Structures are given as structure tokens and as C-alpha cells.
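Here's the letter readout for the chains.
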Amino acid sequence: MDPRRTARTVSDPKVRQVGFFTPAAPPDRSASDLPRQQDPIQPKSPSSTQVNDHSTSGDSLSPVMIPPPHHHSDTVPRTALQVTSPKTAVSCSSRTVTVPTKNDGVPSSFSPGRKIVTVKSPSSYPGVKASTVPASELTTVSMVNLPSGISEKAGGASVEVQNDRPVSSKTLKEKTYKAERRALQEAQRAAKAAAKAEGTKASTAASKVMTSANTKPSKAAKTSSQKNDSSQVAASEKKIGERAPEKDRKKDAPHPRMQYDDTSRVEKAKKRAVVKQTEVRNRVELFRHLPQYEHGTQLPDLETKFFELDPMHPAVYEVGLQYLSGDIRGGNARCIAMFQAFKEAIKDYSTPPEKTLIRDLTARISSYVSFLIECRPLSVSMGNAIKFLKNRIAKLPLALSEPEAKATLTSDIDRFINEKIIIAEKVIVKHAVTKIRDGDVLLTYGASSAVEMILLHAHELGKQFRVVVVDSRPKLEGQLLLRRLVRKGLSCTYTHVNAVSCIMQEVTRAFLGASSVLSNGTVYSRVGTACVAMVAHAFRVPVLVCCEAYKFHERVQLDSICFNELGNPDAISRVHGREDISDLDGLVNRENLQLLNLVYDATPSDYVSMIITDYGMIPPTSVPVIVREYRTPVVLVSDSS
Amino acid sequence: MWWRSASFILDRQQEQNAAVPPNPESLLLSSPPPSMADSLQNPKPDISAYYQTRAAHHAVVTSDWLAQAHAAVSIQTDDDDSSVIDGKIAPAAGGRGGDKAFSVIDEFNSWRKQPDLAEAVAAIRALAAVIKASQATTMMELEIELKKASDSLKAWDTTSISLTAGCDLFIRYVTRTSALEYEDFNSARSRLIERAEKFGEISCKARRIIAMLCQDFIFDGCTILVHGFSRVVLEVLRTAAQNKKHFRVFCTEGRPDRTGLRLSNELAKLDVPVKLLIDSAVAYTMDEVDMVLVGADAIVESGGIINMMGTYQIALVSHSMNKPVYVAAESYKFARLYPLDQKDVGPALRTIDFGVPIPSKVEVEKSARDYTPPLYLTLLFTDLGVLTPSVVSDELIQLYL
């Protein structure tokens, strides 16, 4: 993510695009209504005219703040929401969304969307693994259950105020004139300084005000009295409280390298987060700055939020869930999936009135990205790809019409996938095959798509070689690779990383994949790669790292501590399929036990003989040259051999 | 038989499988040898032409070699004279007008015979002759023709890395120079020829530059270990001697060509104190040595060098004794090659004369060169400047990508 760009969008008052919040967290809902104003679906909703009636109903945007009256009709806006929600679902009904469900995960404060899903959810939730529920089924479910949800809701009107707010504020916004809005901005700015100190407090208070619609006027009064101020100031404070989290979100939300031991920032981030990841309690001291979550708990929760996250495109949502559940993994696969989702999103995108495509789409992509980050930290490949896309959006000529711009972007994305990933891999294969000779014993670790293609291609060329697939717990990714290799008739040896020093003496080449190559030549890859590379180096076996050039990054990293990803600690405390190994049962949450499941590690460049990339075979010392020379995203992959 | 892997049973199985063709498909793919036109076939494919030339130019002349050379010269003397002695271009251009059977390889060979001309330069000259002889009327045609010529040159002597590098470099120049596209064909063509002819001068100039750059590294009273015969190294030492530096040179013998003897002769003429070592005495004398200075047949992408056999072990010894290893080489020796280990470079074989008959059962390692990884090199003196090994790849990337 480019922080500078996000900062700029903050200063632009028009772009309030980002946001999708859970009603479960009080501070969030205050922020959530602002983004909803821009929701392109909302104006189309049939109820929008009706809502005009209570457009005055306590909205933050009116320059003179009137304490919001009680919402008489909750049903009207709710229908508005529910009319839209099936539409969203329909748009993704062609694909299958992985929506695992869990009955007991339903919090007591429910939303209509959540309710709908839980009614029909399968009874058992299978651990981390996602159960795939076709979206079409989901859609029908929501439609069938809709009336009951409404009827139920009509009675208990107090819970969901949030849903009607966007509609009213939207209509209000349409009404406000430019001058009014400017006055509003100024008021906000003036009040900002005062409110800053108690920003969060105020926001909480304000959100409380809005949460309980019944008691709202009184509470608002209470807040204002507490502040020893006129109600107007209180209102403006409240308004800032609403805005503040949004600003936070824009400023530092999607920062991929947030230090998770910085409690204040983590708090802020949490408020914004859609994906409520529960943090593991006992984190290893050295890795406290990295996010670590209890896996498996957030999926059902997220899935229920599907209909609340209006700005989130279903394709993006789907990909996010797949990241979360681990269905899509591997740098290339994740990157391609993300880009395909963005392509869908761009296809369905239409610029809201009073906005420019360049800015609005960038903001929207940012919001998608921050959602994806919440699901799983970005890989470097994805970071670079996003940078490319944003660059392309920013460089779109202003004169381009919307369909043209969208077509350009879609073709850009296609070209990126084709050139930087697919063709790049082919070029890598072509280079790498020259390093395989008859009689070689090739070692590979984990499952790298590039390495797999190399091995298969070399086999097709009739080279006589043997493959040693080294694997490790807990993911055992190598098994999949092994399966595909064996099926093609390669002669393979499968072993775990524990035995790597024994097997290494018969190996002649080690081919390793990489998640990223950093500019000091450090190879950032699946945990265990460094170990394999070091053993290979000790045995004088050349280590060849296969990595597409788009995964190169100008960052320098010396260890695998400061930037890494923490996996599910349960995965290492339990042995899959061996229930009898239960020595750690009940110990997991003990204060004096810290489980560390790292996902990546950094291999120093000393242990790497060669990096095979789409620009040829280079020594690890030349990575910065590639990074420098091919910074510009539009470079045709030239093959000059 | 020595088995490579611990699980040698597998190896043995594979061996047996290999004896019986494993599957027709793989056999098909692997078996057909690269066929080329008969005229392009190297007469003695198992012996590296490159190293033959080197031996001819730099080795100490033995009596039997002299006899062979005389025999060779007497056959070739007439056509050699025509192309080398009178001006370089005029007869070539004139003679070629009606000569349909122009062969780039003959051209290359005639250039190669000049002892002072590097192989890469010879290749470039040969390609320039292709341009001259070509009847192409567009740049595209010319490029295709050049490409063909360079491919056949490369195929003629696959062992010569400088030949390949020289061809690549020139092709790169032709395809890359954007100015060529805007000129009319004839002037572009003459520019290319001019450029190719300049390469000879460039190579001489490069040696001067390198010699100047090296002067800072040769200090009074130092002892330099030199391996093999390299024109650049000789130039460096000559310049140092001319600059009145006091230094001592240890020359290895350089078996089997004994190129070291030749170098010691040259140095003795310059009044530089020289000591000859047999190749196996390197480690013995290493503690006296202040620096190792070697040339290179090729500088590869990793930053390592490919050089005469024995360079690697000298580099290893000096690395373990913390002596700097300097390489002096012109930048046209940069090659887009990335050997991972010694056997990764195609072997360049040569005949080795042991003086006594060797029983046929005894195998002889005939490779003429080895690969020294960048880890063991300290600095490279090139006409681009004094480089660390890792810069080589940067330069190559900038040149070729």
C-alpha cells in the first residue's frame, strides 16, 4: 500500500468510500454510516424516496445539529437493505463462495444478514477447513428467510439502527449544497482539535447514542451535558467521533507492516477491521509485533457479514475468505486470484456521481486490499501487483470514458497476469532446464509452481533425473507436488526436512521456490527453505532459487523476525490424523507455553548460488539491478538468450 | 565403478534402464545429435579450437609443434598472405564481390591467426565481413543474415566462450543501436562495419586502460603470482615495469601448453625479476605472494571467471591464505553464462603431452579450463573500471536485457 496516496484521499472530503463494519463493535458503526453514503447500490433501492421523510433524523451531516429523534420506522430502511442484499448475492451466484458456517458462533446481537445465514447453516463446522456452500443456495436462503427476518425485526426495533442510516444520510447528502458542505467541513476541522484528545471516547459515546435508538435523544443530551457544552458542539464532536475512525482507517489501516505490539495502533486497526481475528494469547516474545490469530473462529463470523459489507465486491469477498481458509495459497495463486477478483470488481464498477473514476476506484481498490490484508497479510507479490494496478489507475488519461477506462484496466490486469506470471514462469523454466543434466538428483522443498513446471518440463525433454521432494509439517505442501510428479512418471523420493542432511549427499542441485526476493539477495520463502539452503550449501550443492521478477522487492531484510507471518499455532501443537498424540492438550493456553508457527523465513544470499528469474539467471547480488531497471511496471518480458 | 549416491541401487537401476531404452519418447528427444551443415563442421570436434589457437600463439614452441606448424603454414601460406598482410579490408572486399562461397568461418579463422587479436575481436571482424559481403538491402535482412552467421560461428567452436560472447555483443550492438533505424541502409551498414573494425582498436585500448587501472594495485616490493599467459596481464606488468615499479613475478609453468614459460620470457625481456614455478608449487610459495593476477577466457554472469586450468586451485589456495586474487580482462569477455560448478561449463578438450606413452587404460583429464567462483575473486580489472565480481552481472543485465 502506498501510504502517501491514502493520505491524499483523506484530505479529499468527497471520498469517504472505505468502510464496512460489524454492528457487534460499537465504535465501528459510527464510522460505517459515512461510507455507506457512497454506496452505489443504495440510491437505486426502492425505499430511498420514502426515507426522505426522515432525512432529518439525527444525521451527522446537517450543519446545525439536531439531536436525532427516535426512528419510528425501522422496517422501511431494513427492507431497503434487504432488497439490495439479494442483488449482491445474485451477482456472485455463478461462482461458489466458500462460506463455512457454524452455529454456535452467532453472537447475541444479530443483524438480518447474519440471521439469515445462521438459520440454514449446516450444523457442524469443520475446523479451519472451509465448507463450500454454493452461493446460489445462499441466495435462495436469504430470500426465503427474508420476510421472517423482517417480521422479527419489526418488533425489536431497537437493535439495528445502523441499516437505515446510510439511506437517510445519502438522501441528506444529496440535499446538502456545496456551501453547506463546506461549512460543515470547517466546523469539523475546528472541532477536530478539541475532540482529538477524547476522540475515541467521544466516538464511543456517539456510537452508543446511535446504537440504542430508543434512548438516543436522552443519551445524546447526556453526552452533551457531560461535555459541558452546547448540544451543537456535542453533536459536532459526535460527528468527529464518527469520522475519526474512518480517517484512521485511511491513514494507517492497510499498512501491511503494522507493528502489532504497538497497542494503540492495534486498537485502532481492530476498530476498523471487518475480520474480527481473535488474537492468540501467548505469543512468542520475539514475534509480538506480528499479528497472530486464532484460526477458524472468524470464518463463520465473516460469512454472516457478507450482506453487510456492501462496498465489498462479492468476488473480492470470496477471495478474501479463500485466503482466510487457506484454500488459495502460494504467491502466484493468491496474486492471480486477487487480480481476477479485482477484474470482476472493476467490471461491475460504476463511478458514483460527483466523483472521478481515478480517485474513487483507487480508494475502492484500497478498501478491497485492506479487507484482503485483514484476511491474510499480503504477500510481496500481491503488494507489487497492487502497486502496478494503482499505478495504472492513476495514469489513466482523464479524457477516457468509463467503459474505456474499465476496459483498459481489465486488459492491463490480464496482461500483468500473462506477462509477469505465466510467461515469466515459462521463461524461468526455459532457463532452469539448461541446468538439469542427465543423472542429476534434484531436491526441492515444499511446493513451488515454478519448480514443478521445471521438473515436468525437464522430464518431457527426456532428461534422466531423480527428484527428492522435501516436505515439512504442518502444511505438507510437498505431498501435492509429489503426487503430480509421480503421476507424470518422474522418479521421486519423498522425505521430511528432518532428513535433509542425510539425503543431501546424493543431491546435485537444489531447486527452491520463493515468496519474494529482497534486494540484498535474501530469499524470503516458505519456512524451512533457509534450512534446506544452508544444508545444501554445506554439502556444496548449488542452490537455485526460482522466482518471477515481479516478486522482487526493494526492501532489505536481514532476518525472518521483523517481517513474517504467524500461522495457526494449533497446527503445530496437533498432529493431523494422530489424535492419540495429545501431549499438548489443555496446555495451549498456559501462560508459560508459547507456540510459534512461522510461515516464512529468510535465506541469506550467501546460501543461494543463483536466482532464476524471467530476466535470466542472475546471482543474488544482482537483484537490486533488476529491481532498479524494471521498476516501471510496463516492461515487456524480453527474452534475449 | 564409483556410485554417486548412497542409494546406489537406484542409480544402478537407472543405468540398466538406460541400457534398455526406457521409453521411446525420451529416447527420441535425447538421442538425435545436433546436426549442422557439413561445411560448418569443425574438423576436430573433440579438441577445442580455441585452446589450439591459444597454444599456437602463447605456448612455448616445442620441436614437434614447430614441425607441425611448418607443415600447416606451408599449406596455408598463400591464402594467409592475401588476407592478413596487405590491408585488411581492401582485398577482402574486392575478392568477395564475385566469390559466392563466402564462409564466415574461414573469415573468422583467418582473423584468428593474428596473435595479437583476441578471439572475440576476430569474431566481430568476421561478422563485419559478413556485412560487407551481404547483399541484403534492408536492415532486417542484414540482421537475419548476421544472426545466421553468428550461429554458425558459435556452432563451429562451441568451446570458445569469447567467440560466443563476441558474436552476441556485436549482434546486440546491431539490434540495439536505435540510431541505425533512422539512417538509410547504406550508411547504417557502413557504420556497422566501421564499428566492427574499431573493435580491434578497442581491444588494444582496453588493455591500455586496464594496465593503467592496475597500477594503483601494484606496489613497490610486491610479489605477484601469475598463471598462464594473458595479453592483458602482460600489458599490466609491462606498464608497471615501465613505471619503474619494483616487483617480482612468480610464473607458473602452465602445463601442458607451458604458457608460463612464454610469459617468463617476455618478462625477462623487460628486466622484471621472474621465478618459474611448477604448477604444483603454488601452495608452497603462496606465503611469499602478495597478490595473484590472472587473465580470463571469459567472465561469467556470476562474476566468476573461466580461465586456464589451474586458476581455480590457485584462487582456492590464495583465498585460504587471504591473498587477493585480481583478474584482468577486457569487457568483451563478459559472457552470458552462469556455470554452477566445474562440469557445468562444456568441456574444452585438448591434447596433453606427457612425454611418455600413457597406457590406454589410464584416463586423462583433458579439459583446458576451469571455473573460478566469484567467492574467490577479489577484484576484476576491466576497461569499464575496477569491479567487484557482483558488478559483472549488473553490466551484463544492462547490456543484454
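This text follows the structure it describes.
Parameters and conventions
Residues numbered from 1 in each chain as written. Chains lettered and ligands numbered in written order. Predicted model: local features only at pLDDT ≥ 70, side-chain atom pairs only at ≥ 80, totals over all residues. Helix = DSSP H or I, 4+ residues; strand = E, 2+ residues; numbered from the N terminus. Buried ≥ 20, exposed ≤ 12 C-beta atoms within 10 Å, placed from the backbone. Contact = placed C-beta atoms within 7 Å. Pairing = 2+ DSSP bridges. Axes fitted to C-alpha atoms, helices over the stretch in contact; angles between N-to-C directions. Parallel < 35°, antiparallel > 145°, perpendicular 65-115°, else oblique. Left-handed = near helix turned anticlockwise from the far one by under 90°. Nonpolar A, V, L, I, M, F, W, Y, C, P; charged D, E, K, R; others polar. Right-handed = clockwise from strand over helix to strand, strands pointing away. Core = buried A, V, L, I, M, F, W, Y, C linked by C-beta atoms within 7 Å. Expected span 1.5 Å × (residues − 1).

### Description of the overall build of chain A
Step number 1: Looking only at helices and strands, chain A has 24 helices and 13 strands in total.
Step number 2: Classification of the 641 residues of chain A by burial places 51% in the buried group.
Step number 3: Counting only contacts in chain A whose residues sit at least 6 apart along the sequence, the fraction spanning at least 24 positions is 80%.

### Focus on the sheet that holds strand S6 (residues 305-308) of chain B
Either a parallel or an antiparallel arrangement is found when strands of a sheet pair, and the pairing is made through backbone hydrogen bonds.
Residue and element names in this part refer to chain B.
Step number 1: Spatially, S5-S6-S8 is the arrangement adopted by the three strands of the open sheet, whose pairing is antiparallel. Strand pairing shows two members of the sheet lacking a second neighbour, strand S5 (298-299) and strand S8 (369-372), which therefore form its edges.
Step number 2: Contacting S6 and S8, helix H15 (residues 311-320) crosses the sheet at an angle of about 35° to S8.

### Some details on the packing of helix H14 (residues 314-325) of chain A against helix H16 (residues 357-375) of chain A
Residue and element names in this part refer to chain A.
Step number 1: Contact geometry of H14 with H16 gives a least axis separation of 8 Å together with a crossing angle of 20°. In terms of orientation, H14 and H16 fall into the roughly parallel class. The handedness of the crossing between H14 and H16 is right-handed. Contact residues: H14 offers Val316, Val319, Gly320, Tyr323 and Leu324, while H16 offers Tyr368, Phe371, Leu372 and Cys375.
Step number 2: Each residue belonging to the contact of H14 with H16 can be placed in one class, and the counts come to eight nonpolar, one polar and no charged.

### Comments concerning the sheet that holds strand S11 (residues 600-603) of chain A
Residue and element names in this part refer to chain A.
Step number 1: In space, the four strands of this open sheet follow the order S10-S7-S8-S11, with mixed pairing throughout. Looking at the sheet topology across the chains shown, the edges are occupied by strand S10 (552-553) and S11.
Step number 2: Here strand S7 (residues 516-518) runs beside S10; their pairing, made up of two bridges, is parallel. Counterpart to leucine 518 in the pairing with S10 is histidine 553.

### So, the environment of valine 623 of chain A
Residues and elements named next belong to chain A.
Step number 1: When you line up the elements, valine 623 lands in helix H24 (residues 623-629).
Step number 2: Separated by 12 residues in the primary sequence, valine 623 and isoleucine 611 have C-alpha atoms spaced 8.5 Å apart.
Step number 3: The residues touching valine 623, leaving out its near neighbours within four places in the chain, are Val517, Ser519, Gly521, Phe552 and Ile611.

### Focus on the pairing of strand S3 (residues 274-277) of chain B
Residues and elements named next belong to chain B.
Step number 1: The pairing of strand S2 (residues 247-252) with S3 spans four bridges and is parallel. Opposite cysteine 251, over in S3, you have leucine 276 as the bridge partner.
Step number 2: The β-α-β motif built from S2, the intervening helix H13 (residues 259-269) and the parallel element S3 has right-handed crossover chirality.

### Brief notes about unusual backbone geometry
Step number 1: Here the residue pair arginine 473 of chain A and proline 474 of chain A is connected by a cis peptide bond, since its omega of -5° sits within 30 degrees of zero.
Step number 2: Assignment of secondary structure puts proline 474 of chain A in the loop between strand S4 (465-471) and helix H20 (478-487).
Step number 3: Arginine 255 of chain B connects to proline 256 of chain B through a cis peptide bond whose omega is -5°.
Step number 4: Among the secondary structure elements, proline 256 of chain B is positioned in the loop between S2 and H13.
Step number 5: Here the phi dihedral of glutamate 354 of chain A falls at roughly 65°; this positive angle occurs in a residue that is not glycine.
Step number 6: Within the secondary structure, glutamate 354 of chain A sits in the loop between helix H15 (331-347) and H16.
Step number 7: Phi at asparagine 322 of chain B is positive, roughly 60°, even though this residue is not glycine.
Step number 8: Mapping asparagine 322 of chain B onto the fold places it in the loop between H15 and strand S7 (325-328).

### Quick notes on the nonpolar core
Step number 1: In terms of nonpolar packing, the biggest core is built from 198 residues, with Ala510, Val545 and Cys546 of chain A together with Leu127 and Ala328 of chain B touching the most fellow members.
Step number 2: Here the element with the most residues in this core is helix H7 (residues 119-133) of chain B; it accounts for 12 residues.
Step number 3: Contact partners of alanine 328 of chain B, with chain neighbours within four places excluded, come to Ile210, Cys214, Ser230, Val232, Val233, Val236, Leu293, Gly295 and Phe381 of chain B.

### Side note on H15 of chain A
Step number 1: Spanning 17 residues, H15 of chain A covers 24 Å between terminal C-alpha atoms, matching the ideal 24 Å at 1.5 Å per step.
Step number 2: Burial runs high along H15 of chain A: 13 of the 17 residues are buried.

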